[in-house]
Amino acid sequence: MATDLGELLVPYMPTIRVPRTGDRVFKSECAFSYDSPESEGGLYVCMNTFLGFGREHVERHYHKTGQSVYMHLKRHVKEKATGAAGGAISRRRNGKVFLDLELNRDFNGVDYEYEDEAKLVIFPDHFEIPLPNIEELPALVTIACDAVLNASSPYKKQEADSWEEEIQVSKHARSLRQQENGVRIPPSGWKCAKCEMRENLWLNLTDGSVLCGKWFFDGSGGNGHALEHYKETNFPLAVKLDTITPDGADIYSFDEEEAVLDPHISEHLLHFAIDMLQMQRTENGHHTDNDVQPCVSDWEVIQESSLKLKPVYGSGYTGIKNLGNSCYLSTTMQVLFSIPEFQRAYVGNLQRIFDYSPLDPTQDFSTQMAKLGHGLLSGQYSKPPMKSELIEQQQQRGISPKMFKALVSKGHPEFSSDRQQDAHEFFLHLINLVERNSSGSENPGDVFRFLVEERVQCCQTQKVRYTQRIDYLMQLPVPLEAASNREELIAYESKRKEAEENMRPPPEPVRARIPFTACLQAFTEPENVPDFWSSALQAKSAGVKTSRFASFPEYMVMQIKKFTFGVDWVPKKLDVSVDVPDFLDLNRLRATGLQTGEAELPDLTPPIVIPEDTRGSTTNNSLESPEIDESSVMQLAEMGFPLEACRKAVYYTGNMGAEMAFNWIIAHMEEPDFAEPLAIPSYMEPDLPSPSFPTISALDNQPPEESISILTSMGFPRHHTIQALKATNNNLERALDWIFTHPDCEDESEAMSDTADTEPNNNSFSNANAHSDSSLSPDQDLSSPRVRDGPGRYELFAFISHMGSSTMSGHYVCHIKKEGRWLIYNDHKVCLSERPPKDLGYMYFYRRLSSC
């Protein structure tokens, strides 16, 4: 028999591999479905690629690859016989359990026995060879089978690749001396202390200076002021500000000239009021004792835990298992796959997507979206309990999104972690992935896509500029001062302070009730523009911005801005109730464009600021000091503001008086350099032939010719490559991605640089367009199919709610309205909702009314 088996396997020996270090063995989940060894048909593991397939999909893989040898894994589950000793039998002591599997079942404390079965199956004749079979199988096959059976989960964090350089602890970490200079770093609003850079900023861990990093070849980076500061001071360590997480941060040693580790980073950051230890998140996505419990626990209200909810089963009623802080992903995907466009794009094209999937479908976005959508909508994994006691214990198991999460979070520093995340941020991240992976096919994310018209007005000249950009989400501010129970809140705060002073238990918390109309009104209010440069004055001035809808999407996503940052850098949540309506009419927020009597700002770019270090001894020292209205300065100083801040306010508002300068102060007082002396930048070289400010011509703004050549050599039109390079700051990799995600873009007339009269995007929108064409001219044709304009009347059909004190902790659930009834999706449990808590939601999803 041994000879027979050996001869039988000879033709297939070249295709049988032993898993090597780095190979991922998928022996607990099918690449196309949620079948596992516990499923009725078991799981087939390819002995060459080590991918797993359910019975329904293994034939596809065989026909596509010609791979014939698979290991079939099957786990049989049965309840212990009556009278058996309590406690589940240890798998190591049970000879019938030899698969190292992550169990998909939760047996709720009841003891069960497992019996595992493994065998080799040779296609297409389905010839079976039971395992283990050491005596009769060739040695290579036996070794390969043992390696597959003992392989660990592909989702466990792997050790760093051997080629990856190991980061060492800095020699300065233990002995670092920090100055007692009172510096406190705020959680936002950073800017380089020596220039206008607001990106790639580094915090020096000795004196707290915030300075920009070095310049990169792709146009990103900074002016190298952090390195200059080290050369002047010899303060060796700096941390990159936007990388600080509960797990650590990116640290660089200028002395050692490399990235380093700092075991004392939490203490060093705490010196500057950055408390990393308080940024820790929960371990399993649920409530912890550290969460401050608001009045009438939102955990109880949002989850409707005091009510006996009726479970539902079938198509569209499948839950998603919580992997530990993955509820932000689950709730978002439940809502998206309740939208017909997402159902049609992925589940409707399921067979085509699967048939044309790459050889490794676990790494294909469309395949994994189709798999998840089918798992949620098919009803195959949501069946009502039968009479069997065993199955009754297993009701509403839900599907496990491990493969999907591993793919969509790959390379992302936050979503790839096991920590809790913001559902709003994940929604935008996923829409970005949908956009990037929809080239040449339907993009379901277009249902959220709309145009924002931004009107910026120079307060000094009253001239305006209109621009348009793309967005996917509307953010509503929460004006606490508009609370309808303000007197009750004031009384509570008084009692709370009194209890704190007398060391008594605090009173019952009071939740602020905010009218939705007040949130909408706050959304429409003008906002000050920081660092506004007026092309009419050719100088910095005061500016205000308002935003309106140039188009209305088919589905409007609205986020209530409940989260803010405390001075300790920990995201905090406002405990508020907002009476969000079932029906929403936004037509009055429709953009109007340039109005009669309005004068437009000149189409000029800001002057080029020449850094101090590049001017050398040729700096023009004959420039006269700026004229500043000292009477206005003194008026402001008498109010208690720093003198230098007052001088800057008067200067940047063009000496328009104390009132205008006061508005500037209010808008900029949180900035780190608020009270620093006024520094007047030189905008031109001293040897320029004319004192007029230069503007950037089309030729000056042209991408490098070598970059254009590289892309055109790939077959892309020249005008398309120029568009792509300009949209991505001449980054070749991003430009190539841009081309694939904008196949329908046509050449447009070259406009002046978008930096004129510009400012950070309106906080009332999501700024999710960082990956796409972010700015459009006002007269651009809006009839593109990607912008599906229509009436601005909507009906609420879903909302995502958050429980907990910050985005770094807590739990998410979602409520979705299907067939006229509200349902609650709480991880793997799906039930009819009795009292949907619409006033406590975080993200709201509206669909356009069919008849308006």
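The residue numbers shown here count from 1 along each chain, following its written sequence. Thresholds applied to this predicted model are a pLDDT of at least 70 for local features of residues and 80 or more for the giving and counting of side-chain atom pairs; totals over whole chains, interfaces and linings are not thresholded and use all residues. Just so you know, side-chain values use all the structure's heavy atoms and leave hydrogens and water out.

An unreviewed UniProt entry lists the protein under the name Ubiquitin carboxyl-terminal hydrolase, with Cyprinus carpio given as the organism. According to its UniProt record, the protein has this under Catalytic activity (unreviewed entry): "Thiol-dependent hydrolysis of ester, thioester, amide, peptide and isopeptide bonds formed by the C-terminal Gly of ubiquitin (a 76-residue protein attached to proteins as an intracellular targeting signal)." UniProt positions are given in the numbering used here, feature names are shortened, and annotations may be inferred rather than shown by experiment.

Quick look at the overall build of the protein
Each helix corresponds to a stretch of at least 4 residues labelled H or I by DSSP, and each strand to a stretch of at least 2 residues labelled E; elements are numbered beginning at the N terminus. Helices and strands together make up the secondary structure of the protein, namely 22 helices and 28 strands. Across the 852 residues of the protein, 49% fall into the buried class. Only heavy atoms enter the contact rule, under which two residues are in contact if any of them lie within 4.5 Å. Contacts in the protein between residues far apart in sequence, at least 24 positions, make up 72% of those at least 6 positions apart. Calculation of accessible area relied on Shrake-Rupley with a 1.4 Å probe; when residues are assessed, cover is drawn exclusively from the protein chains displayed. Entry remark: accessible area of the protein is about 41,200 Å², with carbon and sulfur atoms responsible for 50%. Relative accessibility under 20% of the residue-type maximum defines a buried residue, over 50% an exposed one, and the middle range a partly exposed one, all with a 1.4 Å probe and only protein chains included.

Examining the pattern of salt bridges
The working definition used for a salt bridge is a side-chain nitrogen of Lys or Arg within 4 Å of a carboxyl oxygen of Asp or Glu. Enumeration according to the criterion identifies 27 salt bridges in this entry. When the shortest N-O distance is used, the salt bridge between Lys 371 and Glu 29 registers 2.6 Å. A residue pair is termed long-range when its members are at least 10 positions apart, and Lys 371 in helix H10 (residues 365–377) and Glu 29 in the loop between helix H1 (2–9) and strand E1 (43–46) qualify at 342 residues. Of the two residues, Lys 371 and Glu 29, neither departs from the other in class, the shared state being buried. Residues Lys 119 and Glu 117 are paired through a salt bridge, measuring 3.6 Å at the closest nitrogen-oxygen approach. Looking at Lys 119, the relative accessible area reads 14%, which means it is buried. Given a relative accessible area of 32%, Glu 117 falls into the partly exposed group. Via salt bridges that share partners, Glu 117, Lys 119 and Glu 128 belong to a single interconnected network.

What about a nonpolar patch on the surface?
Nonpolar side chains (Val, Leu, Ile, Met, Phe, Trp, Tyr) are joined into patches within 5 Å and like charges within 9 Å, using only residues with over 30% relative accessible area and no salt bridge. Together, Met 639, Phe 662, Ile 666 and Met 669 make up a nonpolar patch on the protein surface, roughly 350 Å² of accessible area in all. By the element assignment, Met 639 lies in the loop between helix H17 (630–637) and helix H18 (643–652).

Topic: the packing of helix H8 (residues 340–347) against H10
Axis separation between H8 and H10 bottoms out at 8 Å; the angle between their running directions is 115 degrees. Relative to H10, the crossing made by H8 is left-handed. Contact residues: H8 offers Phe 342, Gln 343, Tyr 346 and Val 347, while H10 offers Phe 365, Ser 366, Met 369, Ala 370, Gly 373, His 374 and Leu 377. For this scheme, ten residues count as nonpolar: Ala, Val, Leu, Ile, Met, Phe, Trp, Tyr, Cys and Pro. Four count as charged, namely Asp, Glu, Lys and Arg, and the remainder, Gly too, count as polar. Looking at side-chain class alone, the contact of H8 with H10 contains seven nonpolar, four polar and no charged residues. Orientation is described by axes fitted as lines to C-alpha atoms, over the contacting stretch for helices, and by angles from 0 to 180 degrees between their N-to-C directions. Here a crossing is taken to be left-handed if its near helix is turned anticlockwise relative to the far helix by less than a right angle, and right-handed if that turn runs clockwise.

Structural notes on the confidence of the model for the protein
Every residue carries a pLDDT, the predictor's confidence in it, which falls somewhere between 0 and 100. Of the residues in the protein, 76% reach a pLDDT of 70 or more, and the chain-wide mean stands at 79. Model confidence for the protein, summarised as mean pLDDT per element, is weakest for helix H11 (residues 389–393) at 43 and strongest for strand E28 (residues 841–848) at 97. This stretch, residues 610–624, has a pLDDT under 50; its non-local contacts, to residues over four places away or in other chains, come to 11 contacts.

Here's the deal with the pairing of E28
The buried fraction of E28 amounts to seven of the eight residues, a majority that puts the element mostly inside the structure. DSSP bridges decide pairing: two strands pair if at least two such bridges lie between them. Two strands pair when backbone bridges link them, and strand E19 (residues 555–560) and E28 are joined in this way by five bridges, in the antiparallel orientation. Counterpart to Gln 559 in the pairing with E28 is Met 843. Two strands pair when backbone bridges link them, and strand E24 (residues 793–803) and E28 are joined in this way by seven bridges, in the antiparallel orientation. The residue bridging Ser 801 from the neighbouring strand is Gly 841, located in E28.

Quick notes on the sheet that holds strand E18 (residues 543–549)
An order of E12-E11-E18-E15 is seen for the four strands of this open sheet, with the pairing classed as antiparallel. The sheet is open, and its two borders are formed by strand E12 (464–471) and strand E15 (527–528), each paired with just one other strand.

A look at the sheet that holds strand E9 (residues 251–253)
In spatial order, the strands read E7-E6-E8-E9-E10; together these five strands make up an open sheet with antiparallel pairing. Each edge of the sheet is formed by a strand with only one pairing partner; in this case those strands are strand E7 (210–212) and strand E10 (258–260). Taking the axes of each pair of neighbouring strands and ignoring which way they run, one obtains an average angle of 40 degrees across the sheet. Of the strand pairs in this sheet, E9 and E10 are connected by three bridges, and their pairing is antiparallel. For Tyr 252, the partnering residue across the bridge sits in E10 and is Ala 259. Together, strand E6 (201–204) and E7 form the strand contacts of helix H4 (residues 225–233), whose direction differs from that of E7 by roughly 120 degrees.

Quick notes on the pairing of E24
Burial of E24 is extensive: nine of the 11 residues sit out of reach of the surface. Pairing analysis gives three bridges linking strand E23 (residues 583–585) to E24, with the strands arranged antiparallel. Counterpart to Asp 585 in the pairing with E24 is Arg 793. Relative to strand E25 (residues 811–818), E24 runs antiparallel, the two being bridged by six bridges. For Ile 800, the partnering residue across the bridge sits in E25 and is Cys 814.

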